[in-house]
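# Understanding the architecture of this molecule
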Amino acid sequence: MKLALFAYSRQGCRTARRVMECFPEAEISAYTVERFAGEGFLPLEKPTQPLYAEQFARADALIFVGACGIALRSVAPFVRDKRRDPAVLCVDELASFVIPLLSGHIGGANALARTLAAFLGATAVITTATDINRRFSVDTWASEQGLVIENMALAKKVSAAVLEGDVPLCSDFPVVTALPPGITAGSGGNLGICITCEKKSPFAQTLRLIPPVLHLGIGCRKGASAADIAAAVETALEAGNLDRRAVRQVASIDLKAREQGLLDYCRENRWPVSFYPAQALRALEGDFTPSEFVQRVTGVDNVCERAARMGAARLIVKKTVLSGVTVAVAAETMEVRFG
C-alpha cells in the first residue's frame, strides 16, 4: 500500500510518526513544513498544489495530521470519481479522532480509519449511513471481494434502499454464509443485486457485481493480429453471454509465446498471459474437442480448451473459431461469503 502523509506542526509530526508505526509494510511518503523537515519527513515546498496532485494520483491513501479544512482544501481540486479517488483521512494533532473524508467504502478509508484509531487509541468518526446503521454496504463489500461494480448509480440506489428495507440478491455462485442485514435472497423485483459473469438482468434494475474468474484459452495461426484475436474473443464471449470484465487471464501453448498479436492484445487489455508446454496441456484430464491438425502441429489435440482449463475448474464456452483464431472460456470455482 502506498501512503502519503502530511503534518504541519511539531506535534503533528509526532503523531504522524505514530501513524507510520501503524503501517510498517506500507510505502510511505511523509511531508511537513520546511522548518520541521528531516528525520523521515520531506519538506512541503510551496507551491504545494503540484505535490498534492502528484500524491492524489499515486497513493492509495492520503492521511493529513491537522485540521479537516487543510485536508479538504488540499485535495478538493483533484476529486473526480469514487471508484478511482484514493482514501483521504484526517487525524487531529493529539490523535483523538480519525476521520475518513473521501472514498470511505471503495477506497477503504473507513477500514483504514478503524485500523488506525485502534492503534492510536483514538475514535474513528464514521459518517457513512450504511455503516452507522449497521446495514450492508454493497460498494465496500464488492471492493473487498475484488468484484467489478457495473453501475455506480445503481450501487447508490441499492445503498439507499438497504436503509429502508431488504434488497434481493441472486448469485450464479454458491452463497456459503448467512446474508448480511439489508439483503435477502431473491430473483425478481424492481431493484436487486446479481453476482454473475453473464450479461443478464433478473431485476428491473439490476446491479451486477462481476467476479474476475474467467480464463481465456487462445490458439492462433502464425502472424494473427491483435484485431483478429480481439474479434475471436468477442465472438466466444458473446456465445456464452459473458462480460469481458469477468476475464482474469489468458493462456496458450508455449509455441505462441512470441506471437506479437497475442502479446499486444493481452497488453492492451491488461490481462496477464501464461504459456504452457504441450506436455502440461496433454496431461490435463477432461472432455476436449480434438483436432488431428492441431495434434500434428503442436503435439496436443486441442490448445484453446486445455489452456483455458489450466488453473480453472470448468469449461463454459468450448472452442470457437474465427479467422484462424480459436478461443475457449473456462471459469474458476468461486464461493460467495459475507462477514
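Residues numbered from 1 in each chain as written. Predicted model: local features only at pLDDT ≥ 70, side-chain atom pairs only at ≥ 80, totals over all residues. Heavy atoms only, no water.

## Digging into the sheet that holds strand β11 (residues 191-195)
The sheet built from five strands is open, its strands ordered β8-β12-β11-β9-β10 with mixed pairing. Strand pairing shows two members of the sheet lacking a second neighbour, β8 (148-149) and β10 (183-185), which therefore form its edges. In terms of strand pairing, strand β9 (residues 167-171) meets β10 through three bridges, oriented parallel. By the bridge assignment for β10, Leu169 is matched with Ala185. Running at roughly 25° to strand β12 (residues 205-210), helix α6 (residues 138-145) makes contact with β8, β11 and β12 of the sheet. Of the strands in this sheet, β8, β9, β10, β11 and β12 touch helix α7 (residues 152-164), which is tilted by about 110° from β12. (Pairing = 2+ DSSP bridges. Helix = DSSP H or I, 4+ residues; strand = E, 2+ residues; numbered from the N terminus. Contact = heavy atoms within 4.5 Å. Axes fitted to C-alpha atoms, helices over the stretch in contact; angles between N-to-C directions.)

## Quick look at the sheet that holds strand β16 (residues 314-322)
With mixed pairing, five strands are arranged side by side in an open sheet as β15-β14-β13-β17-β16. The open sheet is flanked by β15 (273-276) and β16, the only strands paired with a single partner. Taken over all neighbouring pairs, the strand axes of this sheet differ in orientation by 20° on average, direction set aside. Bridge analysis of strand β13 (residues 214-220) against strand β14 (residues 247-253) gives four bridges, and the strand direction is parallel. When the bridges of β14 are listed, Leu216 appears paired with Val250. Across the sheet, helix α8 (residues 226-239) lies against β13, β14, β16 and β17 (325-331), angled at about 45° from β17, the strand it touches most. Relative to β15, helix α9 (residues 260-269) is tilted by about 145°, and along the sheet it contacts β13, β14 and β15.

Interpretation in functional terms is not warranted from these geometric data alone.
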